[in-house]
Amino acid sequence: FCRPWRVKEAIRQINALRPAFVVHCGDIITAFPFTEHYEQQCQNAVQVLRKFAVPVYLVAGNHDIGNQRNMRVWSEKWLARRKITLEALLFKPAYRAVYRKYFGDDYYAFSARGCKFIILDDEICNSGLALEREQERWLEQQLASGRASHRLVFLFAHNPLFWNRPDEPGPKNYEPVLEPARSRLLALLAKYRPSAMYTGHTHFAFSNEYRGVHLRTINSTTFNRNYSGIPQNMSAQAQIYDPYKLAFLLVRVVG
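Positions within a chain are numbered from 1, following the residues in the order the chain's sequence is written. In keeping with the predicted nature of the model, local features appear solely for residues at pLDDT of at least 70, side-chain atom pairs appear and are counted solely at 80 or more, and the whole-chain, interface and lining totals rest on all residues. Side-chain measures were taken over the full set of non-hydrogen atoms in the model, leaving aside hydrogen atoms and water.

Asker: Now, about the sheet that holds strand β3 (residues 108–112): what can you tell me, with residues and values included?
Answerer: Strand order in the open sheet formed by six strands is β3-β4-β5-β6-β8-β7, and the pairing between neighbours is mixed. On the outer flanks of this sheet lie β3 and β7 (206–210), each paired with one strand and no other. The sheet shows a mean angle of 20 degrees between the axes of neighbouring strands, direction not considered. One bridge is not enough; two strands pair if DSSP finds at least two bridges between them. Numbering of helices and strands runs from the N terminus, with a helix taken as a DSSP run of H or I at least four residues long and a strand as a DSSP run of E at least two residues long. Of the pairings in the sheet, the one linking β3 to strand β4 (residues 115–119) comprises five bridges and is antiparallel in character. Residue pairing for β4: A112 is matched across the bridge by C115. Each axis is a line fitted through C-alpha atoms, and for a helix only the stretch in contact is used; angles between axes span 0 to 180 degrees, taken between their N-to-C directions.

So this is what it looks like as structure tokens:
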């Protein structure tokens, strides 16, 4: 139900604004890697992304390479109804290999106008694989060198680090980076103090702060949603297809 016309309209508007570049905060496709349409959607996404008139930097999302391996679903009935297993939803190196085939590296850094931008793959988090530690060591090196040689440092990932507080519970909390990886990432933020971290995943915008680091989770381009406790003025289905809920965040870096 994620309509491509919404993405194309967002691209049209962004091209008109002519930003220096775009960072896509993950979930480039709708299908999960275990579905038969996965590679077809990857191919289609590559074609759609070519419509950008400015450089685009991609973040890997859970739809692209699978969820954190210590995630637990909210309902076994949900799995049974969809005839899938939990294991199919979780990160695998094979999923990552297909992602890299179509979209390139899943974690990397680049510089622009005296600032450093670090792209993190937080679906690797809590996998227990050597790849997880490799990325953490790389991230610390990037944060340290960025602080020494750049005016500002920005970090991008798919999952937010937390909703309300850094010590909120996992592993049934589907949205954020779960423990123990969360604490290790927060420790790096506290030590190196990047200017801001931007994430997606939740289809819901909110901001946090941790030890002076601005944490910003942005809306989804394809559809946004409300949560319990927030007044609902239309049905969930109507919200999903609401053409006015087309989102992207324009960030101006000044000074």
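Following the structure, the description resumes.
Asker: Mind laying out the nonpolar core, listing which residues take part and the relevant values?
Answerer: Working definition of a nonpolar core: buried Ala, Val, Leu, Ile, Met, Phe, Trp, Tyr and Cys residues. They are joined through side-chain atoms within 4.5 Å. Accessible area is worked out with a 1.4 Å probe on protein chains only. A residue is then buried under 20% of its type maximum, exposed over 50%, and partly exposed in between. Y99, F103, L139, L161 and L189 are the most contacted members of the largest nonpolar core, which has 48 residues in total. When residues of this core are traced back to their parent elements, those giving at least two are α1 (4–17), α2 (38–49), α6 (93–103), α7 (130–149), β5 (152–156), α8 (181–192) and β8 (213–217). By residue number, the principal contributor to this core is α8, which donates seven residues. Two residues qualify as a contact provided that any one of their heavy atoms is within 4.5 Å of a heavy atom in the partner residue. Aside from chain neighbours lying at most four places away, what touches F103 is I28, C42, A45, V46, L49 and L58.

Asker: Can you tell me about a nonpolar patch on the surface, naming the residues and giving the values?
Answerer: Taken together, L17, F248 and L250 make up a surface patch of nonpolar side chains, about 240 Å² in accessible area. On the secondary structure map, L250 appears in the segment after α9 (236–241). Given the relative accessible area of 38%, L250 is considered partly exposed. To count toward a patch, a residue needs a relative accessible area above 30% and no salt bridge. Like charges then connect within 9 Å, nonpolar side chains (Val, Leu, Ile, Met, Phe, Trp, Tyr) within 5 Å. Shrake-Rupley sampling with a 1.4 Å probe provides the accessible areas, and residues are treated as covered by the protein chains on show and by no other component. Salt bridges are identified by distance alone: a Lys or Arg side-chain nitrogen within 4 Å of an Asp or Glu carboxyl oxygen.

Asker: Run through the pairing of β5, naming residues and quoting values.
Answerer: The element β5 is extensively covered by neighbouring structure, given that four of its five residues are classed as buried. Here five bridges tie β4 to β5, and the two strands are oriented parallel to one another. Bridging from a neighbouring strand, K116 pairs with V153 of β5. When the strands point away from the viewer, a crossover counts as right-handed if the path from the first strand over the helix to the second runs clockwise. Between the parallel elements β4 and β5, the chain passes through α7 in a crossover that is right-handed. Pairing geometry for β5 and strand β6 (residues 196–199), over three bridges, is parallel. Within the sheet, the bridge partner assigned to F154 lies in β6 and is A196.

No statement about biological role is implied by the geometric values presented.
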